[in-house]
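Listed below are the residues making up each chain.
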Amino acid sequence: MRDYVLPNYLKFVEGYPALLIFNKYLAIADLHIGYEISERERGIYVPIQKERYIKRIEELKHLTGAEELIVVGDVKDSIMMPTAEEINELISVFQEVSKLFKVTIIQGNHDAYIDKILHNLAAFAESEGIVLRNGRTKVCLAHGHARPSDSCLKSDALVLAHLHFYIKFENSKYPVWLVGKKGKQTLVLMPPFNDLLSGYYQEDVEAKVPFTDFKLQDLKVITLDGYNLGTLKNLRNIIEEESD
């Protein structure tokens, strides 16, 4: 794990879109379980990802020894009530995951009814987020589609998801972490656990991170393997120069 830009209580899990917090909590985001089902309805056939999700989460348990899994929003793909097939996939995944971890799900914009579907397999938190504490250090986790609570926004570290950020080069896309620091606060934007999703790319650097004073262009880009590629603005300029 090459954590060049993180405080010592946060660690990227090398090779995975997962964050270890206080060596106890494992955070992932944007699973969008059922995505392949909705794509099939559009005539795009993607293999069912259930076994892949479970395998990767099992690997993360063995790698980190974390006690609790926190899903930082968008567990499911349907925004409202999912189909019976998607419900069955959700239950099947979390029946296995709940054997490995105590699970908490933070509400994302795709998570309507998730507490009814997985009611006996996880605990649930509202979209304003949760604050984890270790002594005086506070880490906020929120999906990022809605304003986090005031206590979240004042935490030492703010961990958000929702944007599904990728670096696009030639004909490939790569999920990445975006990390910034202002004063004593660290911001981490999580890559999606489901790497089939669409999202934002380096062309979108002019945007501001919602509900914060951070600008996307100033954030450091970190690959899943832990390499620091510099700021998003500089990386975009390099990629554009090489493409000319």
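About the criteria used
- Residues numbered from 1 in each chain as written.
- Predicted model: local features only at pLDDT ≥ 70, side-chain atom pairs only at ≥ 80, totals over all residues.
- Heavy atoms only, no water.
- Helix = DSSP H or I, 4+ residues; strand = E, 2+ residues; numbered from the N terminus.
- Rg over C-alpha atoms; globule rule 2.2 N^0.38 Å.
- Buried < 20%, exposed > 50% of the residue type's maximum accessible area, 1.4 Å probe, protein only.
- Expected span 1.5 Å × (residues − 1).
- Contact = heavy atoms within 4.5 Å.
- Arc of directions from axis to C-beta.
- Pairing = 2+ DSSP bridges.
- Disulfide = S-S within 2.5 Å.

(A) Geometry of the overall build of the protein. In terms of regular secondary structure, the protein is built from six helices and 14 strands. Taking 2.2 N^0.38 as the reference for a compact globule, 244 residues should give roughly 18 Å; the C-alpha atoms of the protein span a radius of gyration of 17 Å, in line with that estimate. Its C-alpha atoms give the protein principal-axis dimensions of about 50 × 45 × 35 Å. Out of the 244 residues belonging to the protein, those deemed buried represent 52%.

(B) Focus on helix α2 (residues 50-64). For α2, built from 15 residues, the straight-helix expectation of 21 Å at 1.5 Å per residue is met to within 8% by its first-to-last C-alpha distance of 21 Å. Along its buried surface, α2 packs onto β2 (19-21), β3 (25-28), α1 (35-41) and α3 (84-97).

(C) How the structure looks around α3. Compared with an ideal rise of 1.5 Å per residue, which puts 14 residues at 20 Å, α3 spans 20 Å between its outermost C-alpha atoms and is within 8% of the ideal. Considered for burial, the residues of α3 that qualify are E86, E89, L90, V93, F94 and V97. Looking straight down α3, one finds its buried side chains confined to an arc of 115°; they lie on one side. Among the exposed residues of α3, those oriented more than 90 degrees off its buried face are A84 and N88. Buried residues along α3 sit in contact with α1, α2, β4 (68-71), β5 (102-106) and α4 (114-117).

(D) A look at the pairing of β3. Residues Y25 and A27 of β3 are buried on one face, and the alternating residues L26 and I28, pointing to the opposite face, are buried as well. In this sheet, β3 lies alongside β2 in antiparallel orientation, the contact comprising three bridges. Within β3, the position partnered with L20 by the bridge is L26. In sequence, β2 turns back onto β3 through a hairpin of three residues, with F22 there showing a positive phi of about 55°.

(E) Fine view of the state of the cysteines. Scanning the entire structure with this criterion turns up one disulfide. Covalently, C140 is tied to C152 through a disulfide, its sulfur atoms 2.2 Å apart. The sign of the 90° torsion about the S-S bond sets the C140-C152 disulfide as right-handed. Separated by 12 residues along the polypeptide, C140 in strand β8 (residues 137-142) and C152 in helix α5 (residues 150-153) bring together distant segments of the chain. Here C140 falls in the buried class, since its relative accessible area comes to 0%.

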